[in-house]
Amino acid sequence: MLSTMQDVPLTVTRILSHGMTIHGKSQVTTWTGEPEPQRRSFAEIGARAAQLAHALRDELGVTGDQRVATLMWNNAEHVEAYFAIPSMGAVLHTLNLRLAPEQLVWVVAHADDQVVIVNGSLLPLLAPLLPHLPSLRHVVVTGPGDRSVLDGAAPRVHEYEELLAGRPTAYDWPDLDERQAAAMCYTSGTTGDPKGVVYSHRSIYLHSMQVNMTESMGLTDKDTSLVVVPQFHVNAWGLPHATFMTGVNMLMPDRFLQPAPLAEMIESERPTHAAAVPTIWQGLLAEVTAHPRDLSSMARVTIGGAACPPSLMEAYDKLGVRLCHAWGMTETSPLGTMANPPAGLTAEEEWPYRVTQGRFPAGVEARLVGPGGEHLPWDGESAGELEVRGSWIAGAYYGGAGGEDLRPEDKFSEDGWLKTGDVGVISDEGFLTLTDRAKDVIKSGGEWISSVELENAIMAHPDVAEAAVVAVPDDKWGERPLATVVLKEGATADYAALKAFLARSVAKWQLPERWTIIPAVPKTSVGKFDKKVIRRQYADGELDVTRL
Ligand code: ADP
């Protein structure tokens, strides 16, 4: 028997029309580096999204499910593109501005992008690539930046504001199938070539509802969220969509992502929430330690994308800022888990839950798979690869125009679950603790050593700013850990003392015998530790390694 309920498609268009009316007064504030930030209401964003859609269709000839790319920071215009492009039935492709040039060229061709909307400040990055981007018919420029670098460029160049001016502020949005593509994002290629993940209207809608649940970020129209996580990195963790559902104000840093302007933004605009990867919070902590600022408005912070060292959580607790750990991937939209502890616990009892990656919401099913393909129990001890499935989890990668979707065996199980490549344990209460990425685990004499556990323990030392641990080949054990350490300003290296400190929390056989001080941990395009680079530097003899 079928239900008697209406079957209304779950679409980005619906999120837009709700946000711009019911929450029309909520605001997107964009940092400009000028005395006054730019402020735009959700109602204005909605009207301008309609104008953008008219311009894309009538002036630039975007039809059907053509791809429109963005090469932009987090700002109000990017939010307009987020809603205009999917709502008109086209597909938004957010380009990661930190990808290597050859990877950018590759993803634009693979997605067959027709138009790119670009921030003026990013033209020096785009202009030299244009001769290698034949699919692009139009370049639309917005915000400050020298346009002359585009002189002689092959595609037609337009000014965003001129393109919008005078166009109708309403659009007769088409009826869309909720399973249709709305947006796409390529993985940052930490582990190989970028792979295209295509989100549907339905997956975005359902994911946004989850982001808004109290067990996840739980924000309301009384909140302002500082969205540091880039809009080109998994849809800024779904925040632009989720905020339009509930009227949460957004504070957008544009290109001002350095610790000093972030601290200034927080003190003057007083956001109640923020979202970013751990390296941002490390940098901000060093900044406010040197130049104190009041961060206390920002009661809650969502931190994810890489493991958050417990020492960082403790440091922010002291500033009145609570970091809440979340795990996710480009393939999971990204919300997979969040570490909100269960009810009825004291602060001390909450701690063991807060340092996990968190628990799974109803929309995400999880299982752990052992080396022989066996399913492991949730006992907090059995470690295996995490596999997930759900309505906002990828079931394939984009195969390119005319190509079949890709389901590589190492990424999807035969029964359709996503193999995350992350290794960890799950407690009987459903809390996930990741010990490593499968390829970062250190396999020493048949035992596994977690690089993340060693890093967290080293980073708890007061002289250490950052630490990354990688596996290096070892004649006797197969692999052993190499500890690369970034010291805080003014601290001096004492390897024996660091090792003794580590021995307090880590089993003796796991202690690294190879140590090196480096000026900074190499980072990927989305600010994660780039262990590939460290392994290569070690192999090429570029690191000054001390053995003890
Ligand atoms: P890429 O795979 O290119 O780095 P993603 O942003 O999709 O791009 O990265 C997802 C990966 O990031 C996860 O598979 C996991 O290894 C790591 N990750 C995300 N959140 C966390 C977290 N809270 N703790 C540890 N690792 C995390």
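Everything quoted here is computed from the prediction, not taken from an experiment.

Caption draft 1: Local environment of the pairing of strand S9 (residues 196-200). S9 sits mainly inside the fold: four of its five residues count as buried. The sheet contact formed by strand S8 (residues 181-186) and S9 spans five bridges and is antiparallel. Residue pairing for S9: Cys185 is matched across the bridge by Val197.

Caption draft 2: The pairing of strand S19 (residues 418-426), seen in detail. Taken across its nine residues, S19 has eight buried, putting it largely inside the fold. Looking at chain direction, strand S18 (residues 384-389) and S19 are connected through four bridges and run antiparallel. Bridge pairing in S19 places Glu387 opposite Lys419. Relative to strand S20 (residues 431-437), S19 is paired through five bridges, and the arrangement is antiparallel.

Caption draft 3: Broad picture of the nonpolar core. One finds Phe83, Ile117, Phe244, Leu386 and Val388 to be the most contacted residues of the largest nonpolar core, which totals 81 residues. A total of eight residues in this core trace back to one element, the largest contributor, which is helix H2 (residues 42-59). Formed by 56 residues, the second largest nonpolar core is a distinct cluster that contains Ala69, Ala111, Phe256 and Leu295.

Caption draft 4: Seen up close, unusual backbone geometry. For the bond running from Ser333 to Pro334, omega is 10°, close enough to zero to count as cis. Here Pro334 shows up in the loop between strand S14 (322-328) and strand S15 (335-338). Located in the positive-phi region is Arg270, a residue other than glycine, with phi close to 50°. Mapped onto the fold, Arg270 is located in the loop between helix H10 (259-269) and strand S12 (273-276).

Caption draft 5: Just the side chain of Ser41, in detail. Position of Ser41 among the secondary structure elements: in strand S2 (residues 38-41). Its relative accessible area of 13% is what places Ser41 among the buried residues.

Caption draft 6: Spotlight on the sheet that holds strand S7 (residues 156-159). Read from one edge to the other, the open sheet built from seven strands follows the order S7-S6-S5-S3-S4-S8-S9, with strand pairing classed as mixed. Two strands bound the open sheet, and with one partner strand each, they are S7 and S9. The average undirected angle you get between the axes of adjacent strands in this sheet is 25°. Against the sheet, helix H3 (residues 76-87) touches strand S3 (67-71), strand S4 (91-94), strand S5 (113-119), strand S6 (138-142) and S8, its axis set at about 145° to S4. Most of the contacts of helix H4 (residues 101-111) go to S8, to which it runs at about 155°, and overall it touches S3, S4, S5 and S8.

Caption draft 7: Region of interest: the environment of Phe501. Within the fold, Phe501 resides in helix H15 (residues 495-503). Overall, Phe501 belongs to the buried group, its relative accessible area being 16%. With 41 residues separating them along the chain, Phe501 and Ala460 place their C-alpha atoms 9.2 Å apart. Excluding its chain neighbours within four sequence positions, the residues that come into contact with Phe501 are Ala457, Ala460 and His461.

Caption draft 8: A look at H15. All buried positions along H15 are accounted for by Tyr495, Leu498, Lys499, Phe501 and Leu502. Summarising the axial view, the buried residues of H15 lie within an arc of 160°, below the 170-degree limit, and thus occupy one face. Packing partners of the buried residues in H15 comprise helix H14 (451-459), strand S23 (464-474), strand S24 (478-487), strand S25 (514-517) and strand S26 (546-547).

Quick notes on the rules
- Residues numbered from 1 in each chain as written.
- Predicted model: local features only at pLDDT ≥ 70, side-chain atom pairs only at ≥ 80, totals over all residues.
- Heavy atoms only, no water.
- Buried < 20%, exposed > 50% of the residue type's maximum accessible area, 1.4 Å probe, protein only.
- Helix = DSSP H or I, 4+ residues; strand = E, 2+ residues; numbered from the N terminus.
- Pairing = 2+ DSSP bridges.
- Core = buried A, V, L, I, M, F, W, Y, C linked by side-chain atoms within 4.5 Å.
- Axes fitted to C-alpha atoms, helices over the stretch in contact; angles between N-to-C directions.
- Contact = heavy atoms within 4.5 Å.
- Arc of directions from axis to C-beta.

Remember, this is a structural readout, not a statement about activity or role.
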